[in-house]
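Working through the structure, step by step
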Amino acid sequence: MRYELIDTIEDLLGREQAFYKTLRGMVSRELEAILLSADMEELLAVLEEKQDVISNLQLLADAWADALPMLNLNDVRGSDEFWEKLSCEFSEEDCKGLKELIATTRVMAKDLMEAEAGVQVELEKHVQQLRDKMLQMKHVRKAVTGYAKMGGGRLDSN
């Protein structure tokens, strides 16, 4: 039973790390879209992709919720107290790599949160520029739709 629980936790941590890695790459793409090119379409595309990963993280949180009662852990998952209690739950002989996996997951989560905060700061700095780009995109789309309704030709060059 104890080893099955260790396997479950290792699986959950591995999946969580994969999601964090994916999200960290997306955060970098967000920052690039904001700073380098003010590319509103890319920013929106990344945000949409992120939503899918975040939804999967929520499903993973549900899986954690199923595993936690077996450990008698009531702390908020992700809090320092949670990670400390989880690390102390197993002896060294029970789990060779679990404590390292927990430590790595904590570092990845912290790095992701710091990167997200950095993007938020940059987004706030460039919010007016991004609003102007969104408005511009809206006008272009409206013009294209109007042109098409009036019987305009196709916009691609075939």
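Everything in this summary refers to the structure shown in the same document. (Residues numbered from 1 in each chain as written. Predicted model: local features only at pLDDT ≥ 70, side-chain atom pairs only at ≥ 80, totals over all residues. Heavy atoms only, no water.)

**Section: the overall build of the protein**
Cut-off, in case you're wondering: A run of H or I in DSSP becomes a helix once it reaches four residues, and a run of E becomes a strand once it reaches two; helices and strands are each numbered from the N terminus. Classification of residues uses two cut-offs on accessible area relative to the type maximum, computed with a 1.4 Å probe and protein chains only: under 20% is buried, over 50% is exposed, and between them is partly exposed. Any two residues having at least one pair of non-hydrogen atoms within 4.5 Å are treated as being in contact. Note on areas: Shrake-Rupley, 1.4 Å probe, and residue coverage restricted to the protein chains presented here.
A count of helical and extended segments in the protein gives 5 helices and 0 strands. Going residue by residue from the N terminus, the α and β elements of the protein occur as α-α-α-α-α. Out of the 158 residues in the protein, the part that is buried amounts to 29%. Taking contacts inside the protein between residues at least 6 apart in sequence as the whole, the part at least 24 apart equals 68%. For the protein, the computed accessible surface area is about 10,400 Å², with 54% contributed by carbon and sulfur atoms.

**What to know about the layout of surface pockets**
To be explicit about the condition: In this analysis, the protein atoms alone were mapped onto a 1 Å grid. Cavities are point sets where a 1.4 Å probe fits without being able to get out; pockets are open sets with protein on both sides within 12 Å along at least five of seven lines; lining residues have an atom within 4 Å of a point. Grid points are joined across faces, edges and corners, and a volume is the space filled by probe spheres set on the points. Residue classes follow a fixed rule: Ala, Val, Leu, Ile, Met, Phe, Trp, Tyr, Cys and Pro count as nonpolar, while Asp, Glu, Lys and Arg count as charged, and any other residue, Gly among them, counts as polar.
Taken as a whole, the largest pocket encloses approximately 230 Å³ of empty space. Along its surface, the largest pocket is lined by Tyr20, Leu23, Lys50, Ile54, Leu57, Gln58, Ala61, Arg77, Ala109, Leu112, Met113 and Glu116. At the level of elements, α1 (2-35), α2 (40-71) and α4 (98-125) are the ones that each hand at least two residues to the lining of the largest pocket. Split by residue class, the lining of the largest pocket holds 8 nonpolar, 1 polar and 3 charged.

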